[in-house]
Amino acid sequence: MLPYRLRENRNPQVERVAPDCTKMMQDNVVIGVDVGGTKVAAGLVDCSGKIHCQSRTPMVANDAARGLAAVSTAINELLNGSGTRQTPAIGVCAPGPLNPTTGIVINPPNLPAWHNFPLADELRSLYPNTTIKIDNDANAAALAESKWGAGRGYRNLFYATIGTGIGAGLVFDGQIYHGRTGSAVEGGHQGIDPRGPLCPCGKRGCIEVLAAGPAIARRAREKLSHAAKSALLEMTGGDAQGITSEMVAKAYWAGDGIAKEVMKETLDLLGYWLGNVIDLVEPDVIVIGGGVSSMLAPFLEEIRARWTGACLNPYPQEIPLVLAHYKEDAGIAGAAALCDTK
């Protein structure tokens with residue numbers, strides 16, 4: 001069996017097509033590549049942000065050369081399906097920290113073999129005379145949402161991806177804000193409690209360690225040590241260590257007291273954090289994506305309500321808070337957006 005598979009995409013934004021991508025290559029398309037710690041996904045994306053077809057292959061995190069080979073495998077599967085000899089522009093969203101100008105992946109925790117790895121130069125050697133663009137996943141996803149997704153039509157966008165961690169991207173006038181060295185907008189590591197739990201980044205009280213998916217589950221487990229009964233324990237057969245953020249959401253809607261307390265705290269934390277973001281950059285729109293976003297979807301207005309009193313800004317309620325358009329395909333769309341110049 002081949003280590004990858006070309007698949008039709010089930011995202012409503014994506015056209016369902018046969019694996020033969022020959023027709024797509026007649027259009028103005030680019031290749032978007034999403035590199036993760038366990039897989040590489042690539043897709044053909046047209047100038048309207050529609051993903052036509054995809055390939056996937058396992059990522060090799062502990063060997064630099066084999067990791068690069070996994071990326072080229074995913075790209076080549078798309079090219080082989082297209083039947084073209086001309087390679088379109090390739091955008092890659094890779095784990096950070098990285099330098100988007102040089103294309104060097106600096107020190108990604110989930111890809112230990114890619115320390116100071118010249119990813120852009122390596123890909124240019126494999127695909128000569130091809131435009132190669134690289135950025136981190138949150139920046140890329142922010143750009144895709146700005147161009148084609150939930151932030152389309154707004155000048156300035158703040159994007160937050162909330163899942164196992166919290167990432168952020170900032171788009172001003174259609175351009176990603178990178179800061180001096182490309183390391184700006186690490187929104188998940190904005191500290192809001194100097195006495196809070198220690199984050200893996202080394203700081204205390206980062207919003208990531210307080211409100212990401214694992215943090216939601218952790219706070220539920222801590223509260224259960226003082227509770228006689230909870231639906232959460234019933235879900236895990238009495239093993240509190242098995243609790244997940246998804247279980248907290250399910251228990252909340254079942255009326256569980258512990259889950260309600262955890263959800264209130266989570267909304268308080270996210271509302272306070274985003275209030276700081278509003279005071280700092282005053283975006284035109286805030287877009288929420290990531291694996292926890294579906295859990296937060298029913299509570300967006302409650303988060304917005306918390307901005308009153310949490311912002312110096314006198315008009316926080318004029319800023320929309322919306323769910324991201326791209327979900328599991330945010331990386332592919334974001335990587336492609338890096339190459340879109342329209």
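Visitor: Report on the environment of Glu246, specifying residues and quantitative values.
Guide: By the element assignment, Glu246 lies in helix 7 (residues 245-253). Relative accessible area serves as the criterion here: at 55%, Glu246 is assigned to the exposed category. Expressed as a C-alpha distance, the spacing of Glu246 and Ile216, which sit 30 residues apart in the sequence, is 9.3 Å. Separated by 3.2 Å, the side chains of Glu246 and Thr244 make a polar contact.

Visitor: Please set out the sheet that holds strand 10 (residues 156-162) residue by residue, giving values where relevant.
Guide: In spatial order, the strands read 12-11-10-13-14; together these 5 strands make up an open sheet with mixed pairing. Single-partner strands in this sheet number two, and they are strand 12 (175-176) and strand 14 (321-323). Here strand 11 (residues 166-172) runs beside strand 12; their pairing, made up of 2 bridges, is antiparallel. Of the residues in strand 12, the one forming a bridge with Phe172 is Gln175.

Visitor: Tell me what's going on with the pairing of strand 10, and back it up with residues and numbers.
Guide: Counting buried positions along strand 10 yields 6 of 7 residues, so the element is predominantly enclosed. Of the strand pairs in this sheet, strand 10 and strand 11 are connected by 7 bridges, and their pairing is antiparallel. By the bridge assignment, Thr161 is partnered in strand 11 with Gly167. Between strand 10 and strand 11, which pair antiparallel one after the other, the connecting turn spans 3 residues. Alignment of strand 10 against strand 13 (residues 285-289), held across 5 bridges, turns out to be parallel. Its bridge partner lying in strand 13, Phe158 is registered against Ile286.

Visitor: Go over the packing of aromatic side chains, please, and point to the residues and values.
Guide: Inspection of every chain in the model, using the stated rule, returns 6 aromatic pairs. Summarising the aromatic geometry, the rings of Trp114 and Phe117 are spaced 4.8 Å apart at their centres and angled 5° between planes, so their arrangement reads as stacked. Summarising the aromatic geometry, the rings of Trp253 and Phe299 are spaced 5.6 Å apart at their centres and angled 20° between planes, so their arrangement reads as stacked. Taken together, the residues span a long stretch of sequence, with Trp253 in helix 7 and Phe299 in the loop between helix 9 (293-296) and helix 10 (300-305) at a distance of 46 residues. Owing to a relative accessible area of 2%, Phe299 belongs among the buried residues under this scheme. An aromatic cluster is present here, built from Tyr252, Trp253 and Phe299 joined pairwise through their rings.

Visitor: Let's hear about the nonpolar core: which residues, and what values?
Guide: Membership of the largest hydrophobic core comes to 50 residues, with the highest contact counts inside it found for Phe158, Val248, Trp273, Leu274, Ile286 and Trp307. Looking at this core element by element, the count peaks at 11 residues for helix 8 (residues 257-281). Apart from the residues within four sequence positions on either side, Leu274 is in contact with Phe158, Ile286, Ile288, Ile303, Trp307 and Leu321. Ranked by size, the runner-up nonpolar core spans 31 residues in total, among them Met59, Ala70, Val105 and Phe117.

Visitor: Describe the side chain of Ser72, with residues and values.
Guide: Mapped onto the secondary structure, Ser72 falls in helix 1 (residues 64-82). Residue Ser72 is classed as buried on the basis of its relative accessible area, which comes to 13%. Residue contacts for Ser72: discarding those within four places in its chain leaves Leu126 and Tyr127.

Conventions we followed
Numbers given to residues run from 1 along each chain, matching the order in which its sequence is written. Only residues with pLDDT of at least 70 get local features here, since the model is predicted, and only at 80 or more are side-chain atom pairs given and counted; chain-wide, interface and lining totals rely on the full set of residues. Side-chain numbers here rest on the full set of heavy atoms in the structure, without hydrogens or water. Counting from the N terminus, the helices are the DSSP runs of H or I reaching at least four residues and the strands are the DSSP runs of E reaching at least two. Remark: exposure states derive from per-residue accessible area (1.4 Å probe, protein chains only) relative to the maximum for the residue type, with buried under 20%, exposed over 50%, and partly exposed in between. What qualifies as a polar contact is a pair of N or O atoms within 3.5 Å, subject to a donor-acceptor requirement within protein and to the restriction that residues adjacent in sequence count only when both atoms come from side chains. Two strands make a pair as long as DSSP finds a minimum of two bridges between them. What counts as a ring pair is set by centres within 6.5 Å for rings of Phe, Tyr and Trp (its six-membered ring), and what kind of pair is set by the plane angle: stacked under 30 degrees, edge-to-face over 60, tilted for all other angles. By nonpolar core is meant a set of buried Ala, Val, Leu, Ile, Met, Phe, Trp, Tyr and Cys residues that side-chain atoms within 4.5 Å join together. Whether two residues are in contact is decided by their heavy atoms: any pair within 4.5 Å suffices.

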